[in-house]
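Each chain, written out:
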Amino acid sequence: METNLKDFAREFTEITKLSAVENGTSVEQQFTEDALEYIKQEGAAVSPELFFCVNKECTRPTEVDYYKINAFDYSESAGILDLFITIYIEAEGLAELTKNRIDQAHNALMHFLTKCVTDDKMFQKFITEDPEVAEVVGTINEEFKNKNISLVRFFVISNGQLKADYSSSPEITIGSSNYDFEFNIWDISAIRNSEIASQHDGAINIDFESEYAHSIECLELGENSGVKSYLAIMPAEILARVYKQYKTRLLDQNVRNYLGGTIKVNKGMAKTLREDPAMFFAYNNGISSTALKVGLRRDDGGKVYITDVTNWQIVNGGQTTNTIYSMFSRNFDMQNAYVTLKISEINIEDEKKKEEAISHIARFANSQTQIKESDLAANIGYMLKLDDISKSEWTPVNSVRRNTQWFFERMRGQYDNAKGEPRTKKNKEFIAQHPKKQRFTKTDIAKWEMAWAGRPDIASKGGEQSFDFFHKKSLKTDSIIVDRNYFHQLIAKAIIYQSIADICKQNGIKGYVNIICNYVLATLAWKSRENLDLDYIWNHQEIHPAMRTVIEQEIDVVNKYILKLGQDGLNPTVKAKNEPFWKDITLRMVGLPELDKVLLSTNEDELTAETQAKIEQFEKLPSDTWRQLAIWGKDAKKLSLLERKKLDHAYALSSADKKLPFNIITDVMDIYKKSQDLGYTPQATLFDGE
């Protein structure tokens, strides 16, 4: 039996307040976090993150300079900026979300956005006050400046109930430019509807005749390799009504991240539907979909009609579907608008082969769109093997996370679907066995692996770009041997990454945490020559106590450099996405102590013969060699600034009798050999008397 809205709101508020006390946060931000889970589940936004900023100089939201934001999301690949604001109403019973409150929220977000884009002092104000805010402000400013933004979306989240329709303009003006705009309201009714839907979020079975009083004429094609196809002409209004009921659950889960998170109204399609709907069929390419069963009816004249579909999923045509629904919701006449519909009926018993077929249909149907590679890579061998291992591997019984599992979300939505209905026994047992902090995705893997491989600049570009590089260009997932050992080492990297983020939080660092995590993980791999004792971390499910001090030192180096860039008027987010940033960080890291041998799985005896030879040669040369070589390189214009800096650091550290990491030694010796090839001759005085 479904809970009525009043009881749902009361129960939701009670849970929010308890969670706020447990997590040591405000009720408003806890409510925001809880509501965002529903928004993500619906595919209304991709990966929004909590982010609070308010103009403290204002005492009332009605003041002209007032701005506020509770969460933020940006899809770099699609150019979509999402800003969230929460209206939490402390009241007995079910409060009303009034038009006046919504107007104030809209203005607060608009003022924040405008200041980010047009007020250069905004970034400078927060780079010292609150780097977390500065990171978002700088990102927004940079993306607008580079004309990367294609759509701005505002989300108003509230525990109040909206009782009247609220509409907004399809465009907003920022500075001298206009941008496509969407305004979304998630009141307590929308949250409740999402929860009800999630409890029945299984196969989408639609009976067109009984539910929509309409059957769809089609052409029936023969079956091939377990797939039978149908081509039909579907009334746009029927498609809009179906989408109104199911929203992004109708869109194939393999590509929901792409379709649900980035689609927007197409102006050309919207204009056709508005001005000449009868021509929509001629102008539009239509939609492709899959189903496990298609019900048919034949009339006396031999015509074939689709009466119902079982587990219907749209795999291509998300923008078409979204645009039709948008115009339908604005009460435009859809009577003469039709769309081409292709349905592929999948009659394959083997579940993996069935998933693979659906994935291939989605991939090829979307071959002319910018679909995200991570969504379509769900069924490659690497992912399937990793998925199998994650389901069978339990954390060691003597570890701090004993008798739990790390949940690999191979396909979007798997974790939420597996949890079952909220607040039930099954739900609690699942979360206890698969804690949310032990859930990871394909893009998480890419960030960890790219940072570990010495490309934190790629990891800092975001999940999708990291995945594309990881999957295709760098490590090539098809060449990785995925076994229990690989899984253990991968999770160990995840634990290090999470530990870095936790230490940042404990030390009061809020801004640029993702960048810090990428570069500190890369530094640990670099300074250990990728020989950290990852087995220890898997077995204990936590980092070695000696590693905490190392991480704190490295965090301090990266954080100070980030703050310096910001104070110099540079955008650290942009800089961190480029390879020179990593080189700058390594130069600043060489002065830190060598890693304690207890953290390593190999020792100096296991170095290659070539590296051993370079180390022995380095130790025979006096420290002044590196100072003289740097001077020669500058005067002769034979060495770059970076190469000379490495020599300067080698001189400073060796003069102070500090050991250099093996990687730095090999770099310096390579520069030394290169210089000799370019004509450098060591001064005799350097060796006299040695």
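In this report, we go over the structure that sits alongside the text.

Secondary structure assignment for the chain yields 30 helices and 18 strands. Surface summary for the chain: the accessible area is close to 32300 Å², and the carbon and sulfur share equals 47%.

In this section: the sheet that holds strand β7 (residues 171-174). As summarised here, the arrangement of the 6 strands in space is β1-β2-β3-β5-β8-β7, forming an open sheet in which the pairing is mixed. Lying at the two open borders of the sheet, with one neighbouring strand each, are β1 (49-54) and β7. The mean angle between the axes of side-by-side strands here comes to 35°, regardless of whether they run parallel or antiparallel. Sheet topology note: the β1/strand β2 (residues 68-75) ladder contains 4 bridges and is antiparallel. Bridge pairing in β2 places L50 opposite A71.

For strand β5 (residues 151-158), a buried count of 8 out of 8 residues is recorded, marking the element as mostly surrounded by other parts of the structure. Residues L151, R153, F155 and I157 point to one face of β5 and V152, F154, V156 and S158 to the other, with burial holding for every one of them. The sheet contact formed by strand β3 (residues 80-87) and β5 spans 8 bridges and is parallel. The residue of β5 that forms the bridge with D82 is R153. Relative to strand β8 (residues 177-186), β5 runs parallel, the two being bridged by 7 bridges. Paired with L151 across the two strands is D180, which belongs to β8.

A separate point is the packing of helix α4 (residues 121-129) against helix α24 (residues 545-567). Running from amino to carboxyl end, α4 crosses α24 at an angle of 155°, the nearest separation of the two axes being 9 Å. Here α24 runs roughly antiparallel to α4, going by the angle between their axes. In this structure, α4 crosses over α24, and the sense of that crossing is left-handed. In contact with F123, Q124, I127 and T128 of α4, α24 contributes L563, G566 and Q567. A breakdown of the residues in the contact of α4 with α24 according to their chemical character gives 3 nonpolar, 4 polar and no charged.

As a further point, take the environment of Q567. With respect to the element layout, Q567 can be found in helix α24. A C-alpha to C-alpha distance of 9.4 Å links Q567 and F123, two positions 444 residues apart in sequence. Among residues more than four places away in sequence, those in contact with Q567 are Q124, I127 and T128.

Another point: unusual backbone geometry. Its identity as a non-glycine residue notwithstanding, K147 has a phi of 55°, on the positive side. Of note, K147 is situated in the loop between α5 (131-145) and β5. Taking relative accessible area as the criterion, K147 reaches 71% and is therefore assigned exposed.

Per the stated rule, a full pass over the model turns up 31 aromatic pairs. Ring geometry for F8 against F12: centres 5.6 Å apart, planes inclined by 40°, an arrangement best described as tilted. A residue pair is termed a helical-turn pair when its members lie 3 or 4 positions apart in one helix, as F8 and F12 do in helix α1 (residues 5-23) at 4 residues. Each of the two residues, F8 as well as F12, counts as buried. Each member of the aromatic cluster is reached from another via a ring pair, and the members are F8, F12, F31, Y38 and Y88.

So, on to the side chain of E554. For E554, the location among the structural elements is in helix α24. Among buried Asp, Glu, Lys and Arg side chains, E554 stands out as unpaired, with K527 the closest opposite charge at 5.4 Å. Residue contacts for E554: discarding those within four places in its chain leaves V520, T523, L524, K527, M589 and L592.

This paragraph deals with a nonpolar patch on the surface. Together, L219, L221 and L231 make up a nonpolar patch on the protein surface, roughly 280 Å² of accessible area in all. By secondary structure assignment, the location of L231 is in strand β11 (residues 227-235). The partly exposed category is assigned to L231, whose relative accessible area is 40%.

Time to look at the side chain of E142. Note that E142 resides in helix α5. For E142, a relative accessible area of 15% gives the class buried. Excluding its chain neighbours within four sequence positions, the residues that come into contact with E142 are N571 and V574.

Attention now goes to α24. Between the first and last C-alpha of α24 there are 34 Å, a value that for 23 residues agrees with the 33 Å anticipated at 1.5 Å per step. Among the residues making up α24, those that are buried are M547, V550, I551, E554, I555, V557, V558, N559, Y561, I562, L565 and G566.

Attention now moves to helix α27 (residues 609-620). Between the first and last C-alpha of α27 there are 17 Å, a value that for 12 residues agrees with the 16 Å anticipated at 1.5 Å per step. Of all the positions in α27, only T611, Q612, K614, I615 and F618 are classed as buried. Seen along its axis, α27 keeps its buried residues to an arc of 160°; they face one direction. Residues of α27 that are exposed and point over 90 degrees away from its buried face: A609, E610 and K620.

Another aspect to go through is the pattern of salt bridges. Pairs can form between side chains of opposite charge whenever their charged atoms are close. By the definition in use, this model includes 30 salt bridges. A salt bridge links R153 to D82, with the shortest nitrogen-to-oxygen separation between them at 2.8 Å. Highlighted residues: R153 in strand β5 and D82 in strand β3, separated in sequence by 71 residues. D82 matches R153 in its accessibility class, with the two residues each being buried. We note a salt bridge from E220 to K228, for which the minimum N-O separation is 2.8 Å. Judged by relative accessible area, E220 falls into the partly exposed class, the value being 31%. Through salt bridges with shared partners, one network takes in D7, R10 and E14.

The rules behind these values
Residues numbered from 1 in each chain as written. Predicted model: local features only at pLDDT ≥ 70, side-chain atom pairs only at ≥ 80, totals over all residues. Heavy atoms only, no water. Helix = DSSP H or I, 4+ residues; strand = E, 2+ residues; numbered from the N terminus. Areas by Shrake-Rupley, 256 points an atom, 1.4 Å probe, with all protein chains shown as cover. Pairing = 2+ DSSP bridges. Axes fitted to C-alpha atoms, helices over the stretch in contact; angles between N-to-C directions. Buried < 20%, exposed > 50% of the residue type's maximum accessible area, 1.4 Å probe, protein only. Parallel < 35°, antiparallel > 145°, perpendicular 65-115°, else oblique. Left-handed = near helix turned anticlockwise from the far one by under 90°. Contact = heavy atoms within 4.5 Å. Nonpolar A, V, L, I, M, F, W, Y, C, P; charged D, E, K, R; others polar. Phe/Tyr/Trp six-rings, centres within 6.5 Å; stacked < 30°, edge-to-face > 60°. Lys, Arg positive; Asp, Glu negative; His and termini not counted. Salt bridge = Lys/Arg side-chain N within 4 Å of Asp/Glu carboxyl O. Patch = residues over 30% accessible without salt bridge, like charges linked within 9 Å, V, L, I, M, F, W, Y side chains within 5 Å. Expected span 1.5 Å × (residues − 1). Arc of directions from axis to C-beta.

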